[in-house]
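Now for the letters of each chain:
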Amino acid sequence: MRRAALFHYAIPLEAGTVLRDRRIKTRSGLLVRLEEDDREGWGEIAPLVGFSAESLDEARQDAIAWLSRWCRGEPDSESRLPSVAFGLSCAQAELSGELPGEGNYDSALLCNGDPDELIDRLRKQRATVAKMKVGLYEPVRDGVMVNLLLEAVPGLTLRLDANRSWSPDKAARFAHFVASEYRSRIAFIEEPCRTAAESRRFALETGIALGWDESAREPGFTLKAEPHFRAVIIKPTLTGSLHAVSQRAELAQRAGLVAVIGSSLESSLGLTQLARIARWLTPDALPGLDTLALMQQQLIRCWPGSALPVVSQGELESIWQS
Ligand SMILES: [Mg+2]
């Protein structure tokens, strides 16, 4: 006997959360629960505004159609909508026991705020990798900040993310301000320039390694080794089913690249699943999942060590069940 339920959530975000130049106050999404015999599996379906092609409403309709067929036992293929395919495949993988329970909860610490406090946190944390967004301010400020952190915390490696915000000139100015002896401690910079060609040129000229995030999800992109190309960010909510995610990770690893599982601002339920996926599929890479601090609540499952209040299953808004 199969049963399924779909829940809607809306989590208040910390004031001042900005996503692609847009201030957002709440993160909305869906949770799905599958039940069969005595087992159950959960998944999160949460298209990200500004990043996902599908809307939450489209995801909801598609998920309900899929779940209805699943409850009737009809054979089915994966949803074409990446967020739906991801959430449903997680719920199925929990149901079947395919998704291992253990996770990698050490994430690259997201660097923002007061430098003194940040340096203090970095010195205390176990992992020696941190992530810093660049390109929001003047390149000189970013360059100075990178120097400051790398100088203050020996052994620290930085992942930078410019989200395609620099012109070639600004990118060059940033590199100019980073002391040359520190460049090798930049593990990679994601998407420094507006186009992939400009980013490649930047990497060639500065020796700073590249990571692809947005570019890797564009149609026509093929994952292969290139000079100065070091890492690919895999965001499952924007990629598709667990099968698609594992194929991507395998392809990257075969090309000698670091595959990093990254979050798309999922709730604690989705984030803990991403930590498990990271440990399972990319055991050698530290995932990029340090986004829970932007939220004011957790859902059902707790991120280890988080003191945020937890919304229980009974408090969720049920929008469909069968
Ligand atoms: Mg990125």
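Above this text you will find the structure in question.
As the structure is a prediction and not an experimental result, all values here were calculated from the model. (Residues numbered from 1 in each chain as written. Predicted model: local features only at pLDDT ≥ 70, side-chain atom pairs only at ≥ 80, totals over all residues. Heavy atoms only, no water.)

Enquirer: Go over the overall build of the protein with me, naming the residues and quoting the values.
Expert: Along its length, the protein carries nine helices and 15 strands. At 20 Å, the protein has a C-alpha radius of gyration in line with the 20 Å of a compact globule built from 322 residues. Evaluated residue by residue, the protein yields a buried proportion of 52% over its 322 residues. When contacts within the protein are restricted to residue pairs at least 6 apart in sequence, those whose partners lie at least 24 apart make up 67%. For the protein, the accessible area works out to roughly 14,800 Å², and carbon and sulfur atoms hold 49% of it. (Helix = DSSP H or I, 4+ residues; strand = E, 2+ residues; numbered from the N terminus. Rg over C-alpha atoms; globule rule 2.2 N^0.38 Å. Buried < 20%, exposed > 50% of the residue type's maximum accessible area, 1.4 Å probe, protein only. Contact = heavy atoms within 4.5 Å. Areas by Shrake-Rupley, 256 points an atom, 1.4 Å probe, with all protein chains shown as cover.)

Enquirer: Please provide a residue-by-residue account of the packing of aromatic side chains, values included.
Expert: Throughout the structure, instances matching the rule amount to four aromatic pairs. An angle of 50° between the planes, with centres 6.0 Å apart, marks the rings of Trp 212 and Phe 229 as tilted. A residue pair is termed long-range when its members are at least 10 positions apart, and Trp 212 in strand 10 (residues 210-212) and Phe 229 in strand 11 (residues 229-234) qualify at 17 residues. The ring centre of Tyr 137 lies 4.2 Å from the NZ or CZ of Arg 141, which sits over that ring. (Phe/Tyr/Trp six-rings, centres within 6.5 Å; stacked < 30°, edge-to-face > 60°. Lys NZ or Arg CZ within 6 Å of the ring centre and 35° of its normal.)

Enquirer: Hey, could you go over the nonpolar core for me, with residue numbers and the actual values?
Expert: Counting residues in hydrophobic clusters, the biggest one holds 74 residues, and the most contacted among them are Leu 122, Val 146, Leu 149, Leu 160, Ile 189 and Ile 277. Per-element tally for this core: the top contributor is helix 9 (residues 268-281), with seven residues. Split by domain, the residues of this core number at least three in each of domain 1 (2-99 + 305-321) and domain 2 (109-293). In this structure Ile 189 touches Val 134, Leu 160, Ala 162, Trp 166, Phe 202, Ile 208, Ala 209, Leu 210 and Gly 211, once residues within four positions along its chain are discounted. Of all hydrophobic cores here, the second largest spans 19 residues; its members include Ile 45, Ala 59, Trp 70 and Ala 91. (Core = buried A, V, L, I, M, F, W, Y, C linked by side-chain atoms within 4.5 Å. Domains from an automatic or database assignment.)

Enquirer: I'd like a description of unusual backbone geometry, backed by residues and values.
Expert: Located in the positive-phi region is Asp 37, a residue other than glycine, with phi close to 50°. Turning to its location among the elements, Asp 37 is positioned in the loop between strand 4 (26-36) and strand 5 (39-45).

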